[in-house]
Amino acid sequence: MYDVKAVRRDFPIFDNGLAYLDSANTSQRPRQVTGAMMEYFEKFNSNIHRAAYHIAEEATDRYEATREKIRAFINAASTKEIIYTRGTTEAINLVAYSWGRANVKPGDLIVLTILDHHSNIVPWQILATANGANIEYVDIDDRGELRQDQFRELLEKQPKLVSFSHVSNALGTINPVHEMVAAAKAAGATVLVDGAQGAPHQRVDVRDLGCDFYAFSGHKMLGPTGAGILYGRRELLEAMDPFLAGGDMIKTVRVEGTTYHDLPWKFEAGTQAIAEVIGLGAAVDYLDGLGMDNVLAHEREVTDYAYETLSDIEGLTLFGPPPSRRAGVISFALDGIHPHDLATIADRDQVCLRAGHHCAMPLMTRLGVPATARASFYVYTLKDEVDRLAGSIKEAQRIFK
Amino acid sequence: MSTPPSADDQFYREYILDHYKNPRNYGRLDHPDISHEEDNPLCGDVVGMDFRIKDGVIDDIRFHGRGCAISQASASLLTERLKGIPLDDAKRINKDDVLGELGIEISPARIKCALLPLKVLKVGAYGLAAEDEE
Ligand SMILES: Cc1ncc(COP(=O)(O)O)c(C=O)c1O
């Protein structure tokens, strides 16, 4: 039995009755994560890979231990395929820069989707402008699901790159990633999956998935901000030039030229986010302890409940697919009440709700709304918090009636 | 740590809601002397204003837009204040005047909403002044 009450006891932020419904934005962190970071600061704070004394060895070991935890977490073939970044945004930018500039040629096609987060759109727009490539976007249907027919048509044009999210942060749509990756690979494209809303919430097996790159952020999976992951297939990473250059990513530097470090360090220039990476390792341990299948089942249960509860409220429009094809994210609008006004009223009840465009302005334009309100759930979310949200919605309706 | 406003505060006072639901001076003017629109992309608020100026005085004004109660009520309140005053006086209206008129505690997250109509006034009015000098 999944004991959500016990889980919550590991998160001090809930001690004062906060209903936190914004985990798709950033999750909360348990004591185990902050504790692992504190231990580093207080017991072996030092730089990694450089110094010949024991605390630096300890720091290096812990920093590298996270890499193996992440490798196992997503079932990558080797730790050489696990690159630390600051988060999903940096991971995608790394690929757009290091892989994109060398491989995308004038007239090439890049296929993205209208569902995507700005961080999976803007780097490609910059690349397309720099290299003279074109971008086409897969549209959604009325339920907020990607139009697979249109996706297949675009694949016939033999795109160089296809990039899409595992799960939409704005609508919660779970994209059929296995089918989409397989089809895109069959069409000869290089494929990146933005897993910012994927890996934190369900078991991911990158080898089974078959994508070339998979990006995600530690801060959305109980870890601290400032540490995220780029998974890349070794063959591609080996062939790519570095992204940032400087200390640590080199083997030898001579005035005539430089040889780069081996994978994965080739892509990790400068002093790294050591405490954050160690914290991320503790977050993976924590999630492994819960079991990703249990995490998914718990979120399903809360999402089903929330979907039903919110569906019953008059004057409320839900966006996105039915609960069976949706992750723990619910976007909605209220007749006559702007999402920001709802969020302000909810805040008075200690209910944290997101209101805005969720970094998905093309999607908002497509839906024909300036903004939505969004509730999102995670390992610690209670049905009671959903009830509190419903209470805030009714209070807003009373005030605005 | 910042605390959310207490449950008994008057954030959504009756007159704010009234201005939101029954905005004053709402609509467009034919052939305005000044017309300007601004938006706040973060939340999708839009406010635009049309001005008719006669002998340096704001003879008539209309606003249009969409968005949250704060931005729209603030626009409605501002038009009431602007109607019939000299443009030079209008230019002197500042942030504190607008927030004072709203008369509620505005959190940092919502200050942009409250001040969007003022931005429309400032950019619009100074835009006209620049044209005059040409
Ligand atoms: C789908 C998706 N992609 C990318 C990102 C960007 O992640 P980060 O801000 O951690 O780089 C987010 C986070 O908001 C997201 O939800």
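Rules of the game
Residues numbered from 1 in each chain as written. Chains lettered and ligands numbered in written order. Predicted model: local features only at pLDDT ≥ 70, side-chain atom pairs only at ≥ 80, totals over all residues. Heavy atoms only, no water. Near = heavy atom within 4 Å. Polar contact = N/O pair within 3.5 Å; in protein donor to acceptor, adjacent residues only side chain to side chain. Areas by Shrake-Rupley, 256 points an atom, 1.4 Å probe, with all protein chains shown as cover. Nonpolar A, V, L, I, M, F, W, Y, C, P; charged D, E, K, R; others polar. Pairing = 2+ DSSP bridges. Helix = DSSP H or I, 4+ residues; strand = E, 2+ residues; numbered from the N terminus. Axes fitted to C-alpha atoms, helices over the stretch in contact; angles between N-to-C directions. Left-handed = near helix turned anticlockwise from the far one by under 90°. Contact = heavy atoms within 4.5 Å. Buried area = accessible area lost by both parts, 1.4 Å probe. Salt bridge = Lys/Arg side-chain N within 4 Å of Asp/Glu carboxyl O. Domains from an automatic or database assignment.

Residues and elements named next belong to chain A. Taken together, the neighbourhood of the ligand is formed by Gly87, Thr88, Thr89, His117, Ser119, Asn169, Asp194, Ala196, Gln197, Ser217, His219 and Lys220. Taking His117, its side chain carries an N or O atom lying 3.1 Å from an oxygen atom of the ligand. A distance of 2.7 Å separates an oxygen atom of the ligand from a polar side-chain atom of Gln197. Here the ligand has 390 Å² of accessible area as a free molecule, and 86% of this is covered by the chains. Residues of the shell around the ligand, tallied by class, amount to one nonpolar, nine polar and two charged.

All names here are of chain B. As defined by bridge partners, strand E2 (residues 45-54) adjoins strand E3 (residues 57-66) across nine bridges and the pair is classed as antiparallel. The residue bridging Arg52 from the neighbouring strand is Asp60, located in E3. Linking E2 to E3, which pair antiparallel, is a turn of two residues; within it Asp55 sits at a positive phi near 50°.

Another aspect to go through is the packing of helix H2 (residues 31-43) of chain A against helix H10 (residues 274-290) of chain A. Residues and elements named next belong to chain A. Close contact between H2 and H10 brings their axes to 8 Å; oriented N to C, the two are set at 145°. As H2 runs across H10, the sense of the crossing is right-handed. Of the residues in H10, those in contact with Gln32, Val33, Ala36, Met37, Tyr40 and Phe41 of H2 are Ile274, Ala275, Glu276, Ile278, Gly279, Ala282, Ala283 and Tyr286. Residues that form the contact of H2 with H10 fall into these classes: eleven nonpolar, two polar and one charged.

Right, let's get into the interface of chain A and chain B. The interface of chain A with chain B comprises 17 residues on the first partner and 22 residues on the second. Between chain A and chain B, the buried area comes to about 1500 Å², and carbon and sulfur atoms account for 58% of it. Among the residues of chain A in contact with chain B, His340, Arg348 and Phe400 of chain A are the three that bury the most area, contributing 36% of the side total. Here chain A and chain B share one salt bridge between them. A salt bridge links Arg110 of chain B to Asp341 of chain A; the shortest N-O distance between them is 2.9 Å. Considering every element that reaches the side of chain A that touches chain B, the biggest residue donor is helix H12 (residues 339-348) of chain A, with six residues.

As a measure of interface size, the accessible area lost when the parts come together is often cited. Residues and elements named next belong to chain A. If you check the domain split of chain A, you get domain 1 (4-23 + 291-396) and domain 2 (33-289). The C-alpha centroid of domain 2 is placed 27 Å from the C-alpha centroid of domain 1. Facing the 34 residues of domain 1 at the interface are 30 residues of domain 2. A combined buried area of about 2800 Å² lies between domain 1 and domain 2, and 58% of that area is made up of carbon and sulfur atoms. Summed over the shared surface of domain 1 and domain 2, the result is three salt bridges. Between Arg203 and Asp293 there is a salt bridge; the shortest N-O distance is 3.4 Å. Counting across the domain 1 and domain 2 interface gives 18 residue pairs in polar contact (both at pLDDT 80 or more). For the side of domain 1 that touches domain 2, the secondary-structure elements that each account for two or more residues are helix H11 (292-311), strand E12 (329-334) and helix H13 (361-367).

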